[in-house]
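Given next are the chains, with one letter for each unit.
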Amino acid sequence: MDIIFSQPFVIVERKIERTGQRTIEEEHTIELYVDRIRAGQEDFALGDVFDVSYRFTSALYGFLYLHTNRGVVSYIIKKDPSIFIEEYKKLIQ
(Lines give C-alpha, C1' and ligand atoms only; values in the text may rest on other atoms or scores of the structure.)
Protein backbone atom coordinates (compact mmCIF):
# COMPACT_ATOMS: atom_id res chain seq x y z
CA MET A 1 0.00 0.00 0.00
CA ASP A 2 1.31 3.47 -0.89
CA ILE A 3 2.15 6.16 1.63
CA ILE A 4 -0.10 9.22 1.33
CA PHE A 5 2.12 11.51 3.38
CA SER A 6 5.14 11.19 5.63
CA GLN A 7 5.94 13.42 8.62
CA PRO A 8 9.41 13.29 10.22
CA PHE A 9 9.80 13.07 14.00
CA VAL A 10 12.83 12.71 16.23
CA ILE A 11 13.74 10.66 19.25
CA VAL A 12 16.08 12.65 21.48
CA GLU A 13 18.48 10.81 23.74
CA ARG A 14 20.80 12.53 26.20
CA LYS A 15 23.93 10.71 27.32
CA ILE A 16 26.15 11.72 30.19
CA GLU A 17 29.79 10.96 29.55
CA ARG A 18 33.03 11.85 31.26
CA THR A 19 33.50 14.87 29.03
CA GLY A 20 29.95 16.15 29.49
CA GLN A 21 26.46 15.71 28.17
CA ARG A 22 25.83 14.65 24.59
CA THR A 23 22.48 14.85 22.77
CA ILE A 24 21.68 12.32 20.06
CA GLU A 25 18.75 12.82 17.69
CA GLU A 26 17.44 9.86 15.75
CA GLU A 27 15.04 10.73 12.91
CA HIS A 28 12.03 8.57 12.08
CA THR A 29 8.82 9.09 10.13
CA ILE A 30 5.11 8.93 10.79
CA GLU A 31 3.51 7.49 7.67
CA LEU A 32 -0.10 8.08 6.71
CA TYR A 33 -1.79 5.31 4.73
CA VAL A 34 -5.39 4.95 3.56
CA ASP A 35 -6.21 2.62 6.45
CA ARG A 36 -3.62 3.36 9.15
CA ILE A 37 -0.90 5.55 10.62
CA ARG A 38 2.50 3.95 11.17
CA ALA A 39 4.88 5.67 13.58
CA GLY A 40 8.17 3.87 13.99
CA GLN A 41 7.17 0.32 14.94
CA GLU A 42 3.61 1.22 16.02
CA ASP A 43 0.54 0.93 13.80
CA PHE A 44 -2.74 2.72 14.50
CA ALA A 45 -5.84 1.88 12.46
CA LEU A 46 -7.50 5.09 11.25
CA GLY A 47 -10.65 4.10 13.11
CA ASP A 48 -8.62 4.06 16.34
CA VAL A 49 -7.30 7.63 15.84
CA PHE A 50 -9.84 10.21 17.00
CA ASP A 51 -7.83 13.36 16.27
CA VAL A 52 -4.37 14.67 15.40
CA SER A 53 -3.04 17.94 16.82
CA TYR A 54 0.26 19.69 17.40
CA ARG A 55 1.93 22.44 19.39
CA PHE A 56 5.38 23.99 19.07
CA THR A 57 7.03 24.60 22.43
CA SER A 58 10.13 26.39 21.10
CA ALA A 59 11.57 27.63 17.84
CA LEU A 60 13.16 24.20 17.26
CA TYR A 61 10.82 21.59 18.70
CA GLY A 62 7.16 20.81 18.96
CA PHE A 63 4.89 17.87 19.63
CA LEU A 64 2.54 16.01 17.33
CA TYR A 65 -0.26 14.32 19.25
CA LEU A 66 -2.22 11.30 18.07
CA HIS A 67 -5.43 11.04 20.12
CA THR A 68 -6.18 7.32 20.00
CA ASN A 69 -8.30 4.71 21.73
CA ARG A 70 -5.09 3.81 23.64
CA GLY A 71 -4.63 7.37 24.89
CA VAL A 72 -2.67 10.33 23.57
CA VAL A 73 0.63 9.44 21.94
CA SER A 74 3.14 12.26 21.40
CA TYR A 75 6.05 12.62 19.00
CA ILE A 76 8.76 15.30 18.94
CA ILE A 77 8.70 17.20 15.64
CA LYS A 78 10.83 19.88 14.02
CA LYS A 79 8.69 20.59 10.94
CA ASP A 80 5.16 21.94 10.68
CA PRO A 81 2.74 18.99 10.38
CA SER A 82 -0.17 20.98 8.89
CA ILE A 83 -0.16 19.08 5.58
CA PHE A 84 -0.04 15.74 7.42
CA ILE A 85 -3.07 16.77 9.49
CA GLU A 86 -4.95 18.03 6.40
CA GLU A 87 -4.35 14.73 4.60
CA TYR A 88 -5.50 12.79 7.69
CA LYS A 89 -8.71 14.84 7.90
CA LYS A 90 -9.43 14.20 4.21
CA LEU A 91 -9.31 10.45 4.88
CA ILE A 92 -11.66 10.46 7.85
CA GLN A 93 -14.42 12.59 6.29
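The shown structure was predicted, so the numbers you read here are calculated from the model rather than taken from an experiment. Throughout this document, residue positions are counted from 1 along each chain, in the order its sequence is written. Local features in a predicted model are, by the rule used here, given only for residues with pLDDT of at least 70; side-chain atom pairs are given and counted only at 80 or more, and totals for whole chains, interfaces and linings are based on all residues. Here the side-chain values reflect all heavy atoms present in the structure, with hydrogen atoms and water set aside.

A. Molecular detail of the side chain of Gln7. Looking at where Gln7 falls in the secondary structure, it is placed in strand E1 (residues 5–17). A distance of 3.2 Å separates a polar side-chain atom of Gln7 from the backbone oxygen of Lys79. Those residues in contact with Gln7, other than ones at most four positions away along the chain, are His28, Thr29, Ile30, Leu64, Ile77, Lys79, Asp80, Pro81 and Phe84. The way it works is that DSSP assigns letters per residue, a run of H or I at least four long becomes a helix, a run of E at least two long becomes a strand, and they are numbered from the N terminus. Counted as a polar contact is a pair of N or O atoms within 3.5 Å, where, for protein atoms, one must be capable of donating a hydrogen and the other of accepting one, and residues adjacent in sequence contribute only when both atoms are in side chains. In what follows, residue pairs with any heavy atoms lying within 4.5 Å of each other are defined as contacts.

B. Expanded view of the packing of aromatic side chains. For Phe, Tyr and Trp, where Trp contributes only its six-membered ring, two rings pair if their centres lie within 6.5 Å, and the inter-plane angle classes them as stacked under 30 degrees, edge-to-face over 60, or tilted in between. All told, the structure shown has four aromatic pairs when counted by the stated rule. Here Phe5 and Phe84 contribute two aromatic rings whose centre-to-centre distance is 6.4 Å and whose plane-to-plane angle is 55°, an arrangement assigned as tilted. A residue pair is termed long-range when its members are at least 10 positions apart, and Phe5 in strand E1 and Phe84 in helix H1 (residues 82–92) qualify at 79 residues. Where Phe63 meets Tyr65, the ring centres are 6.2 Å apart and the plane angle is 25°; that geometry is what we call stacked. By definition, being over a ring means that NZ of Lys or CZ of Arg is both within 6 Å of the ring centre and within 35 degrees of the ring normal. Here the guanidinium or amino end of Arg36 rests over the ring plane of Tyr33, the centre of that ring lying 4.1 Å away.

C. Seen up close, a nonpolar patch on the surface. Patch criteria: residues need more than 30% relative accessible area and no salt bridge. Like-charged residues are merged within 9 Å; nonpolar side chains of Val, Leu, Ile, Met, Phe, Trp and Tyr are merged within 5 Å. A 1.4 Å probe and the Shrake-Rupley method give the accessible areas. Residues count as covered only by the protein chains that appear here. Within this document, salt bridges are pairs made up of a side-chain nitrogen of Lys or Arg and a carboxyl oxygen of Asp or Glu, the two lying within 4 Å of each other. A grouping of Met1, Ile4, Val34, Leu91 and Ile92 is seen on the molecular surface, where their side chains present a nonpolar patch of about 440 Å² in accessible area. Residue class for Ile92 comes out partly exposed when judged on its relative accessible area of 42%. Note on classification: 1.4 Å probe, protein chains only; a residue is buried when its accessible area is under 20% of the maximum for its type, exposed when over 50%, partly exposed between these limits.

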